[in-house]
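# What the coordinates show
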Amino acid sequence: MKLLRAPAVRADAEALLFSVKTFAAAMLAYSIALGIGLPKPFWAIVTVYIVSQPSAAASLGRGIYRFAGTLAGAVATVAIVSNFVNDPIACSAALALWIGLCLFVSLLDRTPRAYAFVLAGYTASLIGFPAVSDPGAVFDTASVRVQEIALGILCAVLVHRLVLPRFIAGPFTEKLSATLRDARRLAGDALKGLPQERMRHDRHQLAADMLAIQGLATHLPYDPAPMTPRRETLQRIHVRLARLLPLASEIEERVQALSGGDAALSAQLAELLREIGSWVATTDLDERDSTAIHLICRARLLRAWVGADAHAPDEQLAANLAGHLAELVGLLHDCDRLGRDLAGGPHADKPCQWPGRAGSYVYHRDTWMAARAAAGAVTGIVIGCAFWIWSAWPDGAMAVSVLGVACALFGNVDAPAPNIVKYMIGSVYGVAISLAYSFVILPRVTDFAMLVAVLAPALLFAGSLQARPQTAFMALGISLTIPILVGLGPSYSGDFAQSLNGAVALFAATGFAVVSMTLFQTVPADTAIRRLLLMSRRDVGRRAHGGGTDEAHWASLMIDRTALILPRLRLSQQSGPDVLDQMLRHLRIGHAAGRLRKVLRTVRGAIGEEADRLLGAIAADFGERHRSDDDLIQQTDALIARISPSPDRARLLDLCIDLRFALGSTTDGAPAP
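Residues numbered from 1 in each chain as written. Predicted model: local features only at pLDDT ≥ 70, side-chain atom pairs only at ≥ 80, totals over all residues. Heavy atoms only, no water.

### With respect to the overall build of the protein chain
The condition that has to hold: Helix and strand labels come from DSSP, where a helix needs a run of H or I of at least four residues and a strand needs a run of E of at least two; each type is numbered from the N terminus. Throughout, a contact is declared for two residues whenever any of their heavy atoms are within 4.5 Å. Calculation of accessible area relied on Shrake-Rupley with a 1.4 Å probe; when residues are assessed, cover is drawn exclusively from the protein chains displayed. In this count, Lys and Arg are taken as positive residues and Asp and Glu as negative ones, while His and the chain termini are left out. For the purpose of locating charges, the reference atoms are NZ of Lys, CZ of Arg, CG of Asp and CD of Glu.
Looking only at helices and strands, the protein chain features 25 helices and zero strands. For the protein chain, restricting intrachain contacts to residue pairs at least 6 apart in sequence, the fraction spanning at least 24 positions comes to 78%. Roughly 28,800 Å² of accessible area belongs to the protein chain as shown, and the carbon and sulfur atoms make up 62% of that amount. Separation between the mean location of the 63 positive side-chain charges and that of the 58 negative ones in the protein chain comes to 3 Å.

### Looking at the pattern of salt bridges
To keep it simple, the criterion reads: Think of a salt bridge as a Lys or Arg side-chain nitrogen and an Asp or Glu carboxyl oxygen that are within 4 Å of each other. Relative accessibility thresholds used throughout: buried, under 20% of the residue-type maximum; exposed, over 50%; partly exposed, between the two (1.4 Å probe, protein chains only).
Counted according to the given criterion, the structure contains 32 salt bridges. Between arginine 288 and aspartate 336 there is a salt bridge, with its nearest N and O atoms 2.9 Å apart. On the criterion of sequence distance, the pair formed by arginine 288 in helix H12 (residues 285–307) and aspartate 336 in helix H13 (residues 313–343) is long-range, its members being 48 residues apart. Like arginine 288, the residue aspartate 336 is buried in the burial classification.

### A short note on the packing of aromatic side chains
Defined as follows: Centres within 6.5 Å make a pair out of two Phe, Tyr or Trp rings, where for Trp the six-membered ring is used; the pair is then stacked when the planes are under 30 degrees apart, edge-to-face when over 60, and tilted otherwise. The criterion for a charge sitting over a ring is simple: Lys NZ or Arg CZ within 6 Å of the ring centre, and within 35 degrees of the ring normal.
As enumerated under the stated definition, the model contains eight aromatic pairs in all. Aromatic side chains phenylalanine 439 and phenylalanine 496 sit 5.3 Å apart centroid to centroid with 65° between the ring planes, which places their arrangement in the edge-to-face category. In this pair, phenylalanine 439 sits in helix H16 (residues 417–441) while phenylalanine 496 sits in helix H19 (residues 496–520), placing the two residues 57 residues apart along the sequence. Of the residues examined, phenylalanine 439 reaches a relative accessible area of 28% and is grouped as partly exposed. One aromatic cluster is present, formed by Phe387, Trp390 and Trp393 through successive ring pairs. Against the face of tyrosine 115 rests arginine 62, its NZ or CZ located 4.2 Å from the ring centre. For the cation-ring pair, arginine 184 lies above tryptophan 279, with the distance from its terminal atom to the ring centre recorded as 4.8 Å.

### Quick notes on the packing of helix H10 (residues 231–257) against helix H21 (residues 551–569)
Going by this rule: Angles shown run from 0 to 180 degrees and are taken between the N-to-C directions of axes, each axis being a line fitted to C-alpha atoms and, for helices, limited to the stretch in contact. By the definition adopted for this analysis, an angle is roughly parallel if under 35 degrees, roughly antiparallel if over 145, roughly perpendicular if from 65 to 115, and oblique otherwise. When residues are sorted by character, Ala, Val, Leu, Ile, Met, Phe, Trp, Tyr, Cys and Pro go into the nonpolar class, Asp, Glu, Lys and Arg into the charged class, and all the rest, Gly among them, into the polar class.
In contact at an axis separation of 9 Å, H10 and H21 are set at 75° when each is read in the N-to-C sense. In terms of their interaxial angle, H10 and H21 are classed as roughly perpendicular. For the pair H10 and H21, the contacting residues are His238, Val239, Ala242 and Leu245 in the first and Ala552, Ala555, Ser556 and Ile559 in the second. Residues belonging to the contact of H10 with H21 are distributed by class as follows: six nonpolar, two polar and no charged.

### A short note on unusual backbone geometry
One non-glycine residue with positive phi stands out, namely arginine 110, at about 60°. Among the structural elements, arginine 110 can be located in the loop between helix H5 (88–109) and helix H6 (114–132). According to the relative accessible area criterion, arginine 110 is partly exposed, its value standing at 27%. Here alanine 392, not a glycine, exhibits a phi torsion of approximately 55°, which is positive.

### What to know about the confidence of the model for the protein chain
Condition: A score from 0 to 100, pLDDT tells how confident the predictor is in each residue.
Taken residue by residue, the protein chain gives an average pLDDT of 86. The fraction at 70 or more is 91%. Helix H1 (residues 2–5) is the least confidently modelled element of the protein chain, averaging 44 in pLDDT, while H5 averages 95, the highest of any element. In this model residues 1–6 is a low-confidence stretch, pLDDT under 50, and it forms three contacts with partners more than four residues away in sequence or in other chains.

### Considering the nonpolar core
Test applied: Here, nonpolar core means buried Ala, Val, Leu, Ile, Met, Phe, Trp, Tyr and Cys residues that are tied together by side-chain atoms lying within 4.5 Å of each other.
Counting residues in hydrophobic clusters, the biggest one holds 192 residues, and the most contacted among them are Leu325, Ile381, Leu488 and Leu652. Per-element tally for this core: the top contributor is H13, with 14 residues. Filtering out sequence-adjacent residues up to four positions away, leucine 325 remains in contact with Leu191, Ile251, Leu272, Leu273, Ile276 and Ala299. Judged by nonpolar contacts, the second largest core, of eight residues, contains Ala399, Val431, Ala505 and Ala509.

### Let's talk about a nonpolar patch on the surface
Rules: Within this analysis, patches are made of residues with over 30% relative accessible area and no salt bridge. Like charges are joined at 9 Å or less; nonpolar side chains (Val, Leu, Ile, Met, Phe, Trp, Tyr) at 5 Å or less.
A contiguous nonpolar surface patch, about 570 Å² in accessible area, is contributed by Leu17, Leu154, Leu158, Leu162, Val163 and Leu164. Counting residues per element, the nonpolar patch draws most heavily on helix H7 (residues 138–162), at three residues.

### What to know about the side chain of threonine 481
The cut-off we apply is this: By the criterion applied in these results, polar contacts are pairs of N or O atoms within 3.5 Å in which, for protein atoms, one can donate a hydrogen and the other can accept it, and in which residues neighboring in sequence qualify only through two side-chain atoms.
If you trace the backbone, threonine 481 turns up in helix H18 (residues 472–486). For threonine 481, a relative accessible area of 4% puts it in the buried group. One polar contact links the side chain of threonine 481 to the main-chain carbonyl oxygen of glycine 477, over a distance of 2.4 Å. With residues near it in sequence (within four places) discarded, threonine 481 still touches Ser427, Gly430, Val431, Ser434, Leu476, Val486 and Leu506.

### Examining helix H8 (residues 169–192)
In plain terms, the rule: Any helix carries an expected span of 1.5 Å times its number of residues minus one.
The terminal C-alpha atoms of H8 lie 35 Å apart, and with 24 residues this matches the ideal 34 Å at 1.5 Å per residue to within 8%. At the exit of H8 stands glycine 193, carrying a positive phi of roughly 65°.

### Focus: the environment of leucine 176
Locating leucine 176 in the fold gives a position in helix H8. What makes leucine 176 buried here is its relative accessible area of 3%. Leucine 176 has contacts with Ile213, Ile237 and Leu342, leaving out every residue within four places of it along the chain.

### Quick look at the side chain of serine 464
Inspection of the secondary structure assignment puts serine 464 in helix H17 (residues 448–466). Exposure remark for serine 464: the relative accessible area of 16% places this residue in the buried category. Every residue in contact with serine 464, bar those within four places of it in the chain, is listed here: Ala15 and Ser19.

### Examining the state of the cysteines
Basically, it comes down to this: Our working definition of a disulfide is a cysteine sulfur pair at a distance within 2.5 Å.
All chains considered together, the criterion is met by zero disulfides. In this model cysteine 91 remains outside any disulfide bridge; the closest cysteine sulfur is found in cysteine 385, 9.1 Å from its own. Among the cysteines around cysteine 407, which has no disulfide bond, cysteine 385 carries the closest sulfur, lying 10 Å off. For cysteine 407, a relative accessible area of 0% gives the class buried.

### A look at the packing of H16 against H19
For the pair H16 and H19, interaxial distance at closest approach is 10 Å and the crossing angle is 175°. As judged from the angle between their axes, H16 and H19 are roughly antiparallel. Note on element contacts: H19 touches H16 through Phe496, Ser499, Ala503, Leu506, Phe507, Thr510, Gly511, Ala513, Val514, Met517 and Thr518, opposite Ala417, Ile420, Val421, Tyr423, Met424, Ser427, Val428, Val431, Leu435 and Phe439. Residues that form the contact of H16 with H19 fall into these classes: 16 nonpolar, five polar and no charged.

### Focus on the environment of alanine 308
For alanine 308, the location among the structural elements is in the loop between H12 and H13. Residues alanine 308 and arginine 337, 29 residues apart in the sequence, show an inter-C-alpha distance of 33 Å.

### Describing the environment of alanine 150
Within the element layout of this structure, alanine 150 appears in helix H7. Taking the relative accessible area as the measure of exposure, alanine 150 reaches 25% and is therefore partly exposed. With 121 residues separating them in the primary sequence, alanine 150 and alanine 29 have C-alpha atoms 9.7 Å apart.

Dropping the structure here:
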């Protein structure tokens, strides 16, 4: 039994089940397409393999967006070809611009909805370029293609949803539980003041967890599970985890800075830290619930008592730390309650009522980078079209169609060429298998049942590869090539010359796509990382100047940027810990500066003017590159020294201390002095 539960065996079983269901859906779509007389039923098979995903939710979402994109792409193609019917070059350029526009919008969207825009460009490439030389048939071709694709989508969605569906709610709940455990471990390590390497690992793990949760959560609305987590609850828990990430660093720095302070003061804080540490480590949810409010009240009382007459820097820092401890306990307590609601705990039938609207996950969008990728795709496609039209290559339309598909499908990453190479390797196998089927096996097939039997080995093998992320692109090269090159239609029509010419066009197109996308669409990992850091730095300046959005929006945006950096670090020459520490530093400075700017609206007099000048200096400093922050630190120290310890200035003092620590944090993770 242990062997059957092993991860590798379980992955193999899931891949095999996915492959069987996908093959069944493909053959169902093929049989229906033959029955209703569609001229090219192999497009229904291809659609099944493109749409199918391991989970039922992902398959449904992908199917919906694929149909919407296909319909939009077909309408756009008919409009473009009809208006440029007598000018092949202009028609090809217009189609290329449409594909580029679809890629541009998909890169800006960055949600599952982006797949609809990808397919709108993909469809225009498949239908439009072959229609350049035969514009009169474009409407009929588009209409039939939409029907074939809709049939494939319907069969894929129904089979994956009704036959042993794989729910995503279960894996999501498990991942959320693991994330909440990681969050509590990060908080516990911060309270203990553990070494920086341990804290870095904890922060990076929580950031990766939040990215994984968001990726799973996007499919939850389509999950057929009886109960799925509410979107509002997910948003609230994300907001709290996003705030916890920098808060843990703030607490860790203050604990280290106060370790040599006044004995009596340290004793009170040490006792509170021990109690909160024990509470964080407790696994009993009822005990955590009953103790949380008590700890929050104790921390707030300590903060008020110490801050009432805090003249010494240690006293000011102790009051600041107590306030952060109250916030930490509150965040973790909220996460407990929200997590219990999501997991269907004892209070799931009466969900907690939360004031205010829940924040949402914020996606980083870079218009310039999206435009650069789109322009590169347009350039490559136009060059391919020019060669096709100039050379009068009979199979050039097919080659340019494949080129457009490659630009649409693979253009959403910094370095698309490696993925296209994997697809090309799969296509090599697909072409070899297709030739064997076309001229050795299929001539001996006499009925549909035999056809299904002979197709099963190749397509089941491709489907099992598609279920594994590391071989998914190669699998697509096999599963998409076989139905098209074999020409699975109403009857056998093997043509060796046509098949060979099609294979040549396929490899010429993918080879040119590798070259074109390397030249025009590839962005080095270091360049992408530097741009993310630069944009974050500039946004810090905007927040200090009074622009930007609320704190929850800011934290979520910076978490998303960190998620974008994480996979790029494996290909970068930069130090991963240093880059991530810079992102954390920008997050903390932007958070403190933005909140300080809001508080200054009610502060008058010389203190308010000095704080305004400080924020103006931060706005100027972070709006440029490679400027020293030493002057900002000195200005902040001077401002803290001038703020008198009074209840009406406590909030201002707290934010200035937060800003001072954030400015003083360095890329090696050392705490502010």
